[in-house]
Amino acid sequence: QTCALPIYVETLGKKSNAVILSLAATHFDPDSNPSPDTLRQNTFFIKFDAEDQIRRLKRTITPSSIEWWKKQCYNARAKSVIPTPIDAKFEDGYEYLRKWSHQYKDNTWVWARGNLDQLVMDDIEEQLNLEPVFPYSRWRDVRTAIDFLYNTTNGYTPVDYPGYDPALHITKHNPVDDCISDIMMLLYGKK
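Residues numbered from 1 in each chain as written. Predicted model: local features only at pLDDT ≥ 70, side-chain atom pairs only at ≥ 80, totals over all residues. Heavy atoms only, no water.

1. Here we look at the state of the cysteines
As enumerated under the stated definition, the model contains zero disulfides in all. In this structure Cys73 is a free cysteine whose sulfur lies 16 Å from that of Cys179, the closest cysteine sulfur available. A residue is classified by how much of its surface remains accessible, and Cys73, at 40% relative accessible area, is partly exposed. (Disulfide = S-S within 2.5 Å. Buried < 20%, exposed > 50% of the residue type's maximum accessible area, 1.4 Å probe, protein only.)

2. Quick look at the pattern of salt bridges
In the structure shown here, the tally under the stated rule is ten salt bridges. Between Glu91 and Arg56 there is a salt bridge, with its nearest N and O atoms 2.8 Å apart. A residue pair is termed long-range when its members are at least 10 positions apart, and Glu91 in helix H5 (residues 90-101) and Arg56 in the loop between helix H2 (50-55) and helix H3 (63-70) qualify at 35 residues. Of the residues examined, Glu91 reaches a relative accessible area of 21% and is grouped as partly exposed. The partner of Lys70 in a salt bridge is Glu67, and the shortest N-O contact between them spans 3.2 Å. Pair noted here: Lys70 and Glu67 are both in helix H3, with a separation of three residues, about one helical turn. Under the relative-accessibility criterion, Lys70 is labelled exposed at 55%. Residue class for Glu67 comes out partly exposed when judged on its relative accessible area of 40%. Within the structure, one salt-bridge network assembled from shared partners comprises Asp52, Arg56 and Glu91. (Salt bridge = Lys/Arg side-chain N within 4 Å of Asp/Glu carboxyl O. Helix = DSSP H or I, 4+ residues; strand = E, 2+ residues; numbered from the N terminus.)

3. Remarks on the packing of aromatic side chains
A full pass over the atoms with the stated rule returns six aromatic pairs. Residues Phe44 and Trp100 carry aromatic rings whose centres are separated by 5.5 Å and whose planes lie at 35° to one another, so their mutual orientation is tilted. Of this pair, Phe44 sits in strand S3 (residues 43-47) while Trp100 sits in helix H5; the two residues are 56 residues apart in sequence, bridging distant segments of the chain. Taking the relative accessible area as the measure of exposure, Phe44 reaches 9% and is therefore buried. Given the relative accessible area of 18%, Trp100 is considered buried. A centroid spacing of 4.8 Å and a plane angle of 50° characterise the contact between Tyr161 and Tyr188, whose relative ring orientation is tilted. Here Tyr188 lies in helix H9 (residues 175-188) and Tyr161 lies in the loop between helix H7 (142-150) and helix H8 (166-169), a separation of 27 residues in the sequence. You can call Tyr188 buried: its relative accessible area is 11%. Here the aromatic cluster, defined as three or more aromatic residues joined through ring pairs, consists of Phe48, Phe90 and Tyr94. Note that Lys79 overlies the ring of Phe45, its terminal NZ or CZ placed 4.3 Å from the centroid. In this structure, Arg113 packs its charged tip against the face of Tyr156, placed 4.2 Å from the ring centre. (Phe/Tyr/Trp six-rings, centres within 6.5 Å; stacked < 30°, edge-to-face > 60°. Lys NZ or Arg CZ within 6 Å of the ring centre and 35° of its normal.)

4. Quick notes on the environment of Gly114
With respect to the element layout, Gly114 can be found in the loop between strand S4 (108-112) and helix H6 (116-127). Along the primary structure Gly114 and Gly163 are separated by 49 residues, whereas in three dimensions their C-alpha atoms are 28 Å apart. Other than its neighbours up to four places away in sequence, Gly114 contacts Asp141 and Arg143. (Contact = heavy atoms within 4.5 Å.)

5. Quick look at the environment of Thr144
Examined against the element boundaries, Thr144 turns out to sit in helix H7. Look at Thr144 and you get partly exposed, because its relative accessible area is 49%. A sequence separation of 30 residues divides Thr144 from Gly114, and the C-alpha atoms of the two residues are 8.7 Å apart.

6. Some points on unusual backbone geometry
The bulk of non-glycine residues show a negative phi, and the bulk of peptide bonds are trans. Of note, Asn151 is a non-glycine position whose phi angle comes to about 55°, a positive value. Tracing the backbone shows Asn151 in the loop between H7 and H8. Here the phi dihedral of His173 falls at roughly 70°; this positive angle occurs in a residue that is not glycine. Assessed through its relative accessible area of 25%, His173 is described here as partly exposed.

If you want it as structure tokens, here you go:
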């Protein structure tokens, strides 16, 4: 049985060698009709040590990305940008992802919104000589799927699920919420 796993990577730039702030991945079975709460329970999240990536790995920052983050709500910034004492060194966080995803790895499509997440992950995996957690051939673009399924042209569609209101349940640019939002659109979108 094939499962799906959206991945969101928040960064400090739009280039493949950008600092990676955080990563979320949510496992779901398309045939199980999961609720938003179930999706949240099936989510992996890790926040990375940005300073370590800048100093040790020479990862880059784009000034316009810093300005963009300053305009995001506090909840989104707190989830990814504001440093905490438990931010993980990239290699450690990556190993946590590897262990979590091992149960899904062989039969999972990895969904991302566009290709930046995959490019950034590919770049840091190569830089650190890490075996990819998810092979190149498993990645898919969620925008294309939503457009195809719901006859849209912008990668978004309203969701038809009782009690679900993105304005109340989703903080944009919180990678956990972004994963859940995309799954809800994929599974419960309206034409």
